[in-house]
Amino acid sequence: MAEYKLKVTTGDMKHAGTRDNIYIILFGAEGQSERAKLDNSGIDFKAGKTRMYTVNTGSSLGKLLLVKVEKDPFFIFPEDEWYCSTIEVTTPEGDAVVFPCYRWISRGEFVELRGGKAMTVFEEEHSLLIEHRKKELELKKSSYRWEIADEKLPHSCHFKEISELPAEIRYSLSKSKEVQHTKRRIASELTFKGVAGSQKKWKDIDDMKKIFRSKKTTLSEYVSQHWKEDDFFGFQFLNATNPNVIKRCSKLPSNFPVTEEMVKPFLETGTSLEREMENGNIFLCDQRIMDEIPARVKDGNPLYATAGLCLFYQNPKKKLIPIAIQLHQQPSEQNPIFLPSDSETDWLLAKLFIRSSDQIEHQAVHHLMNTHYLAEVFAVATLRCFPTIHPLYKLLIPHFRYTLHINIVGRETLLGPGGALSESSLGVEGLTELMRRALSQMTYGSLCLPEDIAARGLESIPNFYYRDDALKLWKYINSFVEAVVEHYYTSDSNVCKDSELQEWINEIFTHGFLKNKLSGFPSCFNTMEEVVKFITMVIFRVSAQHAAVNNGQYDYNSWMPNGSLLLCKPPPTTKGQSSMQTVLDVLPDVGDTVKIVSTIWILSDKYTDVVPLGTYPEEHFDEPALKQMIKEFQAELNYLSEEIALRNSQLEVPYPYLDPALIENSVTI
Ligand code: FE2
């Protein structure tokens, strides 16, 4: 007789336990156990509890290879899924092997777990494990399939409804309940005030402050007080939700005929536009990507979104201020260049149109496509191409938690009928066209932060906290990824030999970047350095970059006069004709305003079921060296968190979005 001791741990989140029967089979190099029911007295699988079991076999099974876990399909109570964290098996020889599971298991489902050290395919020797690896990948490829909804956008996973999602990748019950709670709270507040669906126009800008009295942040209050100020307008292109568009300008675009005379009053005495461009103090936001995308018609009335150009000057006080705005790409008499010396409302309107288009581009391109959709591509490729024992699966999978779930919800609620993005000036068709254009122009360099900052000439612009924090995060993520990759791939030839890794990058190239060779995205890896860079980009994008574009939405975008996804009147074509009434006419009506603000509230609310960047409560890696690397990564992030807190305490407008403590490991909302 040989005795195997099992230590079975159930996850500690709410509802993780089960009353269903659980069966287990152990597979060793020299045989397998009987199918054994794990049954002690009382409830066996309670949330957060570890229980011990014994499995007896006729003789030792030799080296322990696999553990098969099965959930009884026939239990009489309603389904209650089980979240199994780990199963640790101590063999008769005294070896303890941890088999990480970390997933929900549904009734009738079984999982086969591999334990111990992470293994690449070229290291695999045992025939049972080689066969298991092959079968696991076949199963994964049939469970997670690519769907092409639009030939010119990143492909998605084939699941259409939340109910179709395998338990292992669905929101936890507690997360679902919290999101539902926020939605109910918003709905009851709006119903109470009778503003939901109201087609009335705002009579006074200050009335908007009454919409959500219970949901105010220090920054949203600040925005509602400072939105008219030029230096705050400039500040937002560096440190609000879309720090991704502004570029240094050394030569004016030919379609933006700003003259020295126009801007002279706004530059320091004795200097010129030409000289300031040479000195690197002039910056440009060019929205040409939106040119000629038709806006939609709402209830018979056209909506508006412009493709403007805005020139900024970084003045000697280190403030970035707008000095000229043109609201359409083609210069003409009906398309004047607005200046800070124009009437207050002309200049306000010009800034409002620029901010509104910036918000549309932010939501469609920099938020939805460049984080959510790409995260889904990376997630699906990882789920399909790597077996769970692969080191890069273990490294990456925590960074895709809840991503497929939120993207299904997003497609349904934001882009579905009545969704906040469908109701924007461009509507679903316009936003889709915008994303198609952005993807066709996307380069690998633009997703790699240090290259992007350099390409936009923003290395030295002062008070650019997004850049300062993001570059440090990139560096820390990069060192962590480098340490992990170098631990498993000791040479470039190992990278070439890893057929699973090569298939992974090829699927991403095909389904994410649509085989666009000019983009510079890799379709295969030849060196360890290439792997490190790409995985750094993936982790940075789904954690830090998503936090930067997602978490400040309520702060900056809930005050509609600071920019709205929907504008109801055309931009001014002549100067001196506008008033505050024109600004109110341009802004969305009461019902549309509250719809947009409600969505932003849900997207940037704080939920409790979060996993901050660099924390890995699920221990996929068993090796002490890897645990040490994670500790070092966490220490660097903690240090950065303290540094950012200190910096923010000295700022009038803090930049909290890239504080590692507030960044999630993955795109979850
Ligand atoms: Fe998001």
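Residues numbered from 1 in each chain as written. Predicted model: local features only at pLDDT ≥ 70, side-chain atom pairs only at ≥ 80, totals over all residues. Heavy atoms only, no water.

What about the overall build of the protein chain?
Here is step 1 of the chain: The secondary structure content of the protein chain amounts to 20 helices and 18 strands.
Here is step 2 of the chain: Dimensions of the protein chain, computed from the C-alpha atoms along their principal axes, are close to 95 × 55 × 45 Å.
Here is step 3 of the chain: Here the protein chain, with 669 residues, has 59% of them falling under the buried criterion.
Here is step 4 of the chain: Of the contacts formed within the protein chain by residues at least 6 apart in sequence, a portion of 76% connects residues at least 24 apart.
Here is step 5 of the chain: By element, 51% of the accessible surface of the protein chain is carried by carbon and sulfur atoms, the whole surface being about 27,500 Å².
Here is step 6 of the chain: Distance between charge centroids for the protein chain: 4 Å, based on 75 positive and 90 negative side chains. (Helix = DSSP H or I, 4+ residues; strand = E, 2+ residues; numbered from the N terminus. Buried < 20%, exposed > 50% of the residue type's maximum accessible area, 1.4 Å probe, protein only. Contact = heavy atoms within 4.5 Å. Areas by Shrake-Rupley, 256 points an atom, 1.4 Å probe, with all protein chains shown as cover. Lys, Arg positive; Asp, Glu negative; His and termini not counted. Charge placed at Lys NZ, Arg CZ, Asp CG, Glu CD.)

Notes on the side chain of Glu 423
Here is step 1 of the chain: Following the sequence through the fold, Glu 423 ends up in the loop between α9 (403–413) and α10 (427–441).
Here is step 2 of the chain: Judged by its relative accessible area of 18%, Glu 423 is buried.

Considering helix α3 (residues 218–226)
Here is step 1 of the chain: What α3 keeps buried is the set Leu 219, Ser 220, Tyr 222, Val 223, Ser 224 and His 226.
Here is step 2 of the chain: Where α3 is buried, its residues contact α4 (230–239) and α17 (553–557).

Some remarks on the coordination of the iron ion
Here is step 1 of the chain: Within the first shell, the iron ion binds the protein through His 367 (NE2), His 372 (NE2), His 546 (NE2), Asn 550 (OD1) and Ile 669 (O), at distances of 2.2 to 2.6 Å.
Here is step 2 of the chain: Within one chain, the residues donating to the iron ion are spaced in sequence as H-x4-H-x173-H-x3-N-x118-I. Of this pair, His 367 sits in helix α7 (residues 344–385) while Ile 669 sits in the segment after α20 (624–649); the two residues are 302 residues apart in sequence, bridging distant segments of the chain.
Here is step 3 of the chain: Since its relative accessible area comes to 4%, His 367 is described here as buried. (Donors = N, O, S within 2.8 Å, 3.2 Å for Na, K, Ca; no water.)

Brief notes about α7
Here is step 1 of the chain: Spanning 42 residues, α7 covers 57 Å between terminal C-alpha atoms, matching the ideal 62 Å at 1.5 Å per step.
Here is step 2 of the chain: Residue Leu 368 marks the point of greatest curvature in α7, where the axis turns by about 45 degrees.
Here is step 3 of the chain: Summarising burial for α7: 41 of the 42 residues are buried, a large majority. (Expected span 1.5 Å × (residues − 1). Bend = angle between axes of the 7 residues up to and from the residue.)

Thoughts on a negative patch on the surface
Here is step 1 of the chain: Together, Glu 482, Glu 486, Asp 492 and Glu 529 line one region of the surface with negative charge.
Here is step 2 of the chain: Among the secondary structure elements, Glu 529 is positioned in helix α16 (residues 528–550). (Patch = residues over 30% accessible without salt bridge, like charges linked within 9 Å, V, L, I, M, F, W, Y side chains within 5 Å. Salt bridge = Lys/Arg side-chain N within 4 Å of Asp/Glu carboxyl O.)

Thoughts on the sheet that holds strand β7 (residues 82–90)
Here is step 1 of the chain: With respect to topology, 4 strands assemble into an open sheet ordered β5-β1-β7-β8, the strand pairing being antiparallel. Edge strands, defined here as strands with exactly one partner in the open sheet, are β5 (50–57) and β8 (96–105). Neighbouring strand axes in the sheet, compared pairwise and without regard to direction, differ in orientation by 20 degrees on average.
Here is step 2 of the chain: Here strand β1 (residues 2–10) pairs with β7 via 6 bridges, running antiparallel. What sits directly across from Thr 10, in β7, is Cys 84. (Pairing = 2+ DSSP bridges. Axes fitted to C-alpha atoms, helices over the stretch in contact; angles between N-to-C directions.)

Structural notes on the packing of aromatic side chains
Here is step 1 of the chain: Going through the model one piece at a time under the given rule, you end up with 25 aromatic pairs.
Here is step 2 of the chain: Between Phe 45 and Trp 82, the ring centres sit 4.8 Å apart and the planes meet at 55 degrees, which makes this aromatic pair tilted. Of this pair, Phe 45 sits in the loop between β4 (36–37) and β5 while Trp 82 is found in strand β7, placing the two residues 37 residues apart along the sequence. Note on accessibility: Phe 45 and Trp 82 belong to one class, buried.
Here is step 3 of the chain: Residues Tyr 222 and Phe 232 carry aromatic rings whose centres are separated by 5.4 Å and whose planes lie at 65 degrees to one another, so their mutual orientation is edge-to-face. Remark: Phe 232 occurs in helix α4 and Tyr 222 occurs in helix α3; sequence separation between them is 10 residues.
Here is step 4 of the chain: Members of the aromatic cluster, connected to one another through ring pairs, are Phe 378, Phe 386, Tyr 444, Trp 504, Phe 513, Phe 521, Phe 525 and Phe 534. (Phe/Tyr/Trp six-rings, centres within 6.5 Å; stacked < 30°, edge-to-face > 60°.)

Considerations on the nonpolar core
Here is step 1 of the chain: Within the largest apolar cluster, 162 residues are counted, with the highest numbers of intra-cluster contacts made by Phe 378, Trp 504, Phe 534 and Leu 658.
Here is step 2 of the chain: Looking at this core element by element, the count peaks at 22 residues for α7.
Here is step 3 of the chain: If we ignore the near neighbours within four places in the chain, the residues touching Phe 378 are Phe 400, Trp 504, Ile 508, Phe 513, Phe 534, Met 537, Val 538 and Val 542.
Here is step 4 of the chain: In terms of nonpolar packing, the next biggest core, distinct from the first, is built from 26 residues, Ala 2, Leu 6, Val 8 and Val 69 among them. (Core = buried A, V, L, I, M, F, W, Y, C linked by side-chain atoms within 4.5 Å.)

Overview of the pattern of salt bridges
Here is step 1 of the chain: Enumeration over the complete set of coordinates arrives at 35 salt bridges.
Here is step 2 of the chain: Between Glu 423 and Arg 296 there is a salt bridge; the shortest N-O distance is 3.9 Å. Taken together, the residues Glu 423 in the loop between α9 and α10 and Arg 296 in the loop between β13 (282–286) and β14 (297–298) connect sequence positions 127 residues apart.
Here is step 3 of the chain: Take Arg 296: its relative accessible area is 19%, and that puts it in the buried class.

So, empty space enclosed by the protein
Here is step 1 of the chain: Following the criterion strictly, the structure yields 3 cavities of 30 Å³ or more and no others.
Here is step 2 of the chain: By volume, the largest cavity amounts to about 190 Å³.
Here is step 3 of the chain: What lines the largest cavity is a set of 14 residues, among which Met 208, Lys 209, Tyr 554, Ser 558 and Trp 559 lie closest to the centre.
Here is step 4 of the chain: Its residues assigned to classes, the lining of the largest cavity comprises 7 nonpolar, 3 polar and 4 charged.
Here is step 5 of the chain: Of the voids in this model, the second largest cavity is the one considered here, and its volume is about 60 Å³.
Here is step 6 of the chain: Lining of the second largest cavity is provided by Gln 363, Leu 414, Ala 420, Leu 421, Leu 565, Ile 596, Thr 599, Ile 600 and Leu 603.
Here is step 7 of the chain: When residues in the lining of the second largest cavity are grouped by element, the largest group, 4 residues, is from helix α19 (residues 590–604).
Here is step 8 of the chain: Tallied by class, the residues present in the lining of the second largest cavity amount to 7 nonpolar, 2 polar and no charged. (1 Å grid on protein atoms, 1.4 Å probe; cavity = no way out; pocket = protein on both sides within 12 Å on 5 of 7 lines; lining within 4 Å. Points joined across faces, edges and corners; volume = space filled by probe spheres on them. Nonpolar A, V, L, I, M, F, W, Y, C, P; charged D, E, K, R; others polar.)

Structural notes on the packing of helix α1 (residues 127–143) against α7
Here is step 1 of the chain: Direction vectors running N to C along α1 and α7 enclose 145 degrees, while the axes themselves pass 7 Å from each other. Between α1 and α7, the contacting residues are Leu 137, Lys 140 and Lys 141 on the first element and Leu 383, Arg 384 and Cys 385 on the second.
Here is step 2 of the chain: Taken together, the residues of the contact of α1 with α7 sort by class into 3 nonpolar, no polar and 3 charged.

Observations regarding the pairing of β8
Here is step 1 of the chain: For β8, a buried count of 8 out of 10 residues is recorded, marking the element as mostly surrounded by other parts of the structure.
Here is step 2 of the chain: In terms of strand pairing, β7 meets β8 through 8 bridges, oriented antiparallel. Note that in β8 the partner of Tyr 83 across the bridge is Trp 104.
Here is step 3 of the chain: Hairpin connection between β7 and β8: a loop of 5 residues separates the two successive antiparallel strands, and Gly 94 in this loop has a positive phi of roughly 95 degrees.

Remarks on the sheet that holds strand β18 (residues 337–338)
Here is step 1 of the chain: Taken together, 5 strands build an open sheet; the order of strands is β12-β13-β16-β17-β18 and the sheet is antiparallel. Looking at the sheet topology across the chains shown, the edges are occupied by β12 (247–248) and β18.
Here is step 2 of the chain: Here strand β16 (residues 309–314) pairs with strand β17 (residues 320–326) via 6 bridges, running antiparallel. If you follow Phe 312 over to β17, its bridge partner there is Pro 322.
Here is step 3 of the chain: Its contacts with the sheet place α4 against β13, β16 and β17, and it is angled at close to 95 degrees to β17.
Here is step 4 of the chain: Sitting on the sheet, α7 touches β16, β17 and β18, and the angle it makes with β17 is about 90 degrees.

Don't take any of this as a statement about function, it's just geometry.
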